[in-house]
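# Commentary on secondary and tertiary structure
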Amino acid sequence: MIRIRRDALAVMFGYVDETILCCDSTGVIRFATDSLRDLLGYDPGSVVGENVLDFVHADHLVDLFTGMTRWEGRRGNIRGETIQVRDSGGEWRRVHYDVVVEADLEPLGSIVVTLAEPGAVDEAARELRSRSLTEHRMLRLASAFLEVPYADFEQGLDSALGILAGLSWVTRASVWTVDDLDRGYLTRRATWTAPANAPTVDLPGRIGTDALMLTRRLAAGEEVHLAHRDDGPRPGWETEHAVLASAGTESLLAVPMTAHGHFSGAVVIESALEGASYDATHTSTVRAAAAIIAQALVRHEAERRLIEQARSDRVTGLSNRWAFDEALDRALARLQRGDSLGVGLGLVDLDRFKVVNDSLGHAVGDHLLADVASRLRSAADDSMVIARLGGDELLVLLDDSPDRSDAHWRLATLLDALRVPFTPGGAGPLVMTASAGLVHTHDGHTTAGELLRRADVAMYAAKGRGGDAIALDDPATDVDDVLHLRREVDLREALGSDGLEVHFQGEWDLTTDRLVGAEALARWNHPTEGLLAAGEFIPLAEATGLIDRLGHRVLRDACRAARPWLGTRNGPEVLRVNVASSQLRRPDFVHQVVDALADAGLPPRHLCLELTESTLLVDPAAAATRFEQLREIGVGLAIDDFGTGYSSILQLKRLPLTAVKVDRSFVSGLARASSDRAIVAATVSMARGLGLDVTAEGVETETQREILLELGCTRAQGFLLSRPEPAAAIASRVVT
């Protein structure tokens with residue numbers, strides 16, 4: 001804010017013969033010109049600190065208040081009347097007064113009172129005073145932009161209009177700029193409206209530059225002055241006059257703005273005061289304001305471009321590391337405040353990008369990076385931020401993500417956009433895949449550096465699987481890096497020896513209590529920690545890229561162990577084996593299944609492979625192809641944990657499935673949640689309609705068993721029926 005010193009103010013008003021009093025908002029006098037001695041006999045310093053109202057006769061206080069309050073707090077220049085005031089001798093004398101409200105002459109006050117002998121009001125002096133205040137307003141208007149930070153520019157624009165609106169003949173002021181996306185339109189950028197005496201109809205937010213005579217003239221660089229009380233509408237201006245009449249606007253003044261010699265917008269001033277009109281002084285004032293605002297807009301746009309360049313990667317146009325770090329910090333701050341469900345972070349590395357650079361050249365490589373960035377931007381949702389970390393590594397922020405499954409699905413969906421071949425710079429077609437590490441947190445106190453480190457570890461795990469994969473970070477295995485590395489060594493040794501076992505959990509017919517199936521479950525006989533369940537080492541296998549070897553081992557061993565009792569008189573008919581997403585994407589996966597069946601001498605009809613919905617969503621196209629091949633050889637296919645994914649019904653319709661397994665989370669709520677009952681009932685009904693078997697997982701109580709039978713679900717597994725056990729335990733109870 002520009003502040004005027006007391007001596008500068010005295011010089012500014014030294015040319016005026018009338019007496020000037022500057023008061024604060026309560027009427028306390030802070031400054032008086034020397035001419036007060038000649039007019040009322042007071043020494044100027046003696047009245048400082050006194051309230052100006054104490055000098056006014058009681059009969060005229062109402063008139064004074066009426067003149068000042070008719071503006072209802074808005075800035076303005078009030079032309080007053082003749083009133084009686086007390087001179088230094090205690091006598092009442094008649095003087096003429098004017099008041100300027102909200103003059104903003106800090107630190108000397110915001111009310112300027114002008115006193116003069118009746119009939120001695122010097123119009124030239126009044127004009128000079130008005131011009132001085134106007135010039136001061138223009139200085140303050142310019143300072144509103146000089147001092148405002150880039151991020152607060154729109155607030156500065158509002159402040160500038162408020163300053164411009166301090167002129168007495170303004171009751172609405174607005175700034176319009178040419179639309180960035182369509183230069184055939186003007187967009188209302190900011191508006192100030194007086195609390196009282198304002199136009200009654202609001203302005204539109206957007207209008208075509210060719211829509212009205214007004215906008216056409218402005219676009220041509222002409223100033224426009226319209227008065228509602230003109231003698232009939234001018235030809236071609238009928239619409240404008242009708243709008244003025246309906247809005248209660250007496251007069252309108254519009255001044256075009258230019259930037260680099262081209263039309264960039266306009267400043268529009270309206271007055272709803274009766275008889276209002278604009279003279280040359282008014283026009284020159286608005287013209288000066290338009291020039292200041294136009295230059296401020298040019299500077300703001302230049303700053304925007306500079307900031308955008310500073311925050312963008314030159315090759316891809318994506319956010320750079322600096323901008324991404326800011327976005328990640330904001331996301332974590334929202335999470336800490338409880339304003340976010342969670343934060344996911346993906347670190348993406350393009351597979352075999354070095355081959356493209358080395359064989360086709362860096363120019364093609366840069367074209368490819370730009371094409372990848374464009375493809376990802378188009379596929380991203382509004383809450384994602386994508387940045388280039390460097391080289392062929394990208395960062396993806398998944399804000400407001402409730403859990404790891406959601407983050408995994410969103411990242412997988414984004415990366416699916418890369419599967420269409422690229423033709424960078426005319427080269428190609430090139431098929432690109434990516435390896436990604438994904439970390440998710442609900443803890444706002446987790447640092448950005450920690451998330452990036454964990455995502456980096458997970459990304460290298462995805463690379464270790466052969467690429468074209470998303471590896472999930474497991475916080476539990478990250479607690480102790482030494483233990484993590486030791487366990488990885490132990491797991492590799494177990495895969496090459498007899499350290500891994502396969503146990504089986506039975507699947508039962510609830511109507512006959514007959515064993516109809518068995519699910520193969522991996523167990524690790526750890527040398528120091530004992531027998532470990534799958535959940536204690538499967539995440540480690542995924543993070544280290546060992547999951548394919550582990551899955552192949554379990555498939556082979558399960559087929560061998562189950563062969564003696566599968567299909568026997570009391571034995572189960574189906575062996576169920578879980579499959580990881582990376583296994584499904586392997587080109588030789590179907591051959592591995594065929595080899596395992598042949599090695600065990602097991603007919604394909606006895607094997608059913610189970611995949612979770614999230615596994616299917618990683619690469620739906622590959623899943624569909626593999627499923628068709630497996631069904632051709634007679635292998636059954638099932639969706640495990642059905643109902644917890646995002647496209648269950650779509651999978652039922654699209655894939656050649658033979659069975660679904662209802663997730664234990666729905667089974668556990670059967671006795672207390674009607675919604676869980678409804679979901680299970682709907683699943684059973686859909687599956688039956690499609691000719692699929694339905695098995696409920698996690699049955700642990702008799703109540704759950706009874707409800708399942710009521711809902712028509714006759715197959716189940718869970719601790720109520722049997723726990724996981726070695727193959728020998730099942731063989732001992734089965735009559736061969």
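Look above for the structure.
## Let's talk about the overall build of the protein
Counting its secondary structure elements, the protein contains 26 helices and 26 strands. Taking all 736 residues of the protein together, the buried fraction comes to 52%. In the form shown here, the protein has an accessible surface area of approximately 32800 Å², with 52% of it arising from carbon and sulfur atoms.

## Considering the nonpolar core
With 71 residues, the main nonpolar core has Phe504, Leu575 and Leu609 as its most contacted residues. In terms of residue count, the dominant contributor to this core is helix H17 (residues 547-562) (seven residues). Setting aside chain neighbours within four positions, we find Leu609 in contact with Leu555, Val577, Val579, Phe589, Val593, Leu630, Val635, Gly636, Leu637 and Ala638.

## Things to note about helix H6 (residues 153-164)
Its twelve residues give H6 an end-to-end C-alpha distance of 16 Å, which sits within 8% of 16 Å, the value for a rise of 1.5 Å per residue. When we look at burial in H6, the residues that qualify are Phe153, Gly156, Leu157, Ala160, Leu161, Gly162, Ile163 and Leu164.

## Some details on the packing of H17 against helix H19 (residues 589-600)
Running from N to C, H17 and H19 point in directions that differ by 30 degrees, and their axes come no closer than 8 Å. The angle between the axes of H17 and H19 places the two elements in the roughly parallel class. The two elements H17 and H19 meet at a crossing, and its hand is right-handed. Contact residues: His552, Leu555, Arg556, Cys559 and Arg560 in H17; Gln592, Val593, Ala596, Leu597, Asp599 and Ala600 in H19. A breakdown of the residues in the contact of H17 with H19 according to their chemical character gives six nonpolar, two polar and three charged.

## So, empty space enclosed by the protein
One pass over the structure, following the stated rule, counts two cavities of 30 Å³ or more. Approximately 120 Å³ is the volume found for the largest cavity. Forming the boundary of the largest cavity are twelve residues, of which Leu415, Arg419, Ala434, Asp468 and Ala469 lie nearest the centre. Taken together, the elements giving at least two residues each to the lining of the largest cavity come down to helix H13 (404-415) and strand S16 (469-472). Of the residues contributing to the lining of the largest cavity, the split by class is eight nonpolar, one polar and three charged.

## Let's talk about the side chain of Ser582
Structurally, Ser582 is set in helix H18 (residues 581-585). By relative accessible area, which is 5% here, Ser582 ends up buried. Apart from the residues lying within four places of it in its own chain, the contact partners of Ser582 are Arg465, Ile547 and Asp548.

## Observations concerning the pairing of strand S21 (residues 607-612)
Among the six residues of S21, five are classified as buried, and the element is accordingly described as predominantly covered. Sheet analysis places strand S20 (residues 574-578) next to S21, joined by four bridges and oriented parallel. Paired with Leu575 across the two strands is Leu607, which belongs to S21.

## Thoughts on the sheet that holds strand S7 (residues 185-193)
Within a sheet, adjacent strands bond to each other through the backbone by hydrogen bonds, running parallel or antiparallel. The six strands lie next to each other as S8-S7-S6-S11-S10-S9, forming an open sheet whose pairing is antiparallel. With one partner strand each, in any of the chains shown, strand S8 (206-208) and strand S9 (224-227) form the two edges of the open sheet. Going from strand to strand, the sheet's axes swing by 25 degrees on average, the running direction of each strand aside. Two strands pair when backbone bridges link them, and S7 and S8 are joined in this way by three bridges, in the antiparallel orientation. Following the sheet pairing, Tyr185 is matched in S8 by Gly208. Relative to S7, H6 is tilted by about 60 degrees, and along the sheet it contacts strand S6 (172-178), S7 and strand S11 (262-271). Sitting on the sheet, helix H8 (residues 238-247) touches S9 and strand S10 (251-259), and the angle it makes with S9 is about 55 degrees.

What counts as what
- All residue numbers refer to position in the chain's written sequence, counted from 1.
- Where local features are concerned, this predicted model is filtered to residues with pLDDT of at least 70; where side-chain atom pairs are given and counted, the filter is 80 or more; whole-chain, interface and lining totals use all residues.
- As a rule here, side-chain values come from all non-hydrogen atoms in the structure, and water together with hydrogens is ignored.
- Note on conventions: DSSP H or I runs of at least 4 residues are helices, E runs of at least 2 residues are strands, and numbering of each starts at the N terminus.
- In this scheme, a residue with accessible area under 20% of its type's maximum is buried, one over 50% is exposed, and one in between is partly exposed, where area comes from a 1.4 Å probe on protein chains only.
- To be clear on the numbers: accessible area is Shrake-Rupley with a 1.4 Å probe, and residue cover counts the displayed protein chains and nothing else.
- By nonpolar core is meant a set of buried Ala, Val, Leu, Ile, Met, Phe, Trp, Tyr and Cys residues that side-chain atoms within 4.5 Å join together.
- Contacts were defined at the residue level, with two residues in contact if any of their heavy atoms lie within 4.5 Å.
- Multiplying 1.5 Å by the helix residue count minus one yields the expected span of that helix.
- Axes here mean lines fitted to C-alpha atoms, for a helix over just the part in contact, with angles spanning 0 to 180 degrees between N-to-C directions.
- Angles below 35 degrees are treated as roughly parallel, those above 145 as roughly antiparallel, those between 65 and 115 as roughly perpendicular, and all remaining angles as oblique.
- Crossing handedness follows the turn of the near helix against the far one: under a right angle anticlockwise gives a left-handed crossing, and clockwise gives a right-handed one.
- Under the scheme applied here, ten amino acids are nonpolar (Ala, Val, Leu, Ile, Met, Phe, Trp, Tyr, Cys and Pro), four are charged (Asp, Glu, Lys and Arg), and all others, including Gly, are polar.
- Lining residues are those with an atom within 4 Å of a point, where the points come from a 1 Å grid over the protein atoms alone and group into cavities, where a 1.4 Å probe fits but cannot get out, or pockets, open sets with protein on both sides within 12 Å along at least five of seven lines.
- Grid points are joined across faces, edges and corners, and a volume is the space filled by probe spheres set on the points.
- Strand pairing requires that DSSP identify at least two bridges connecting the strands.

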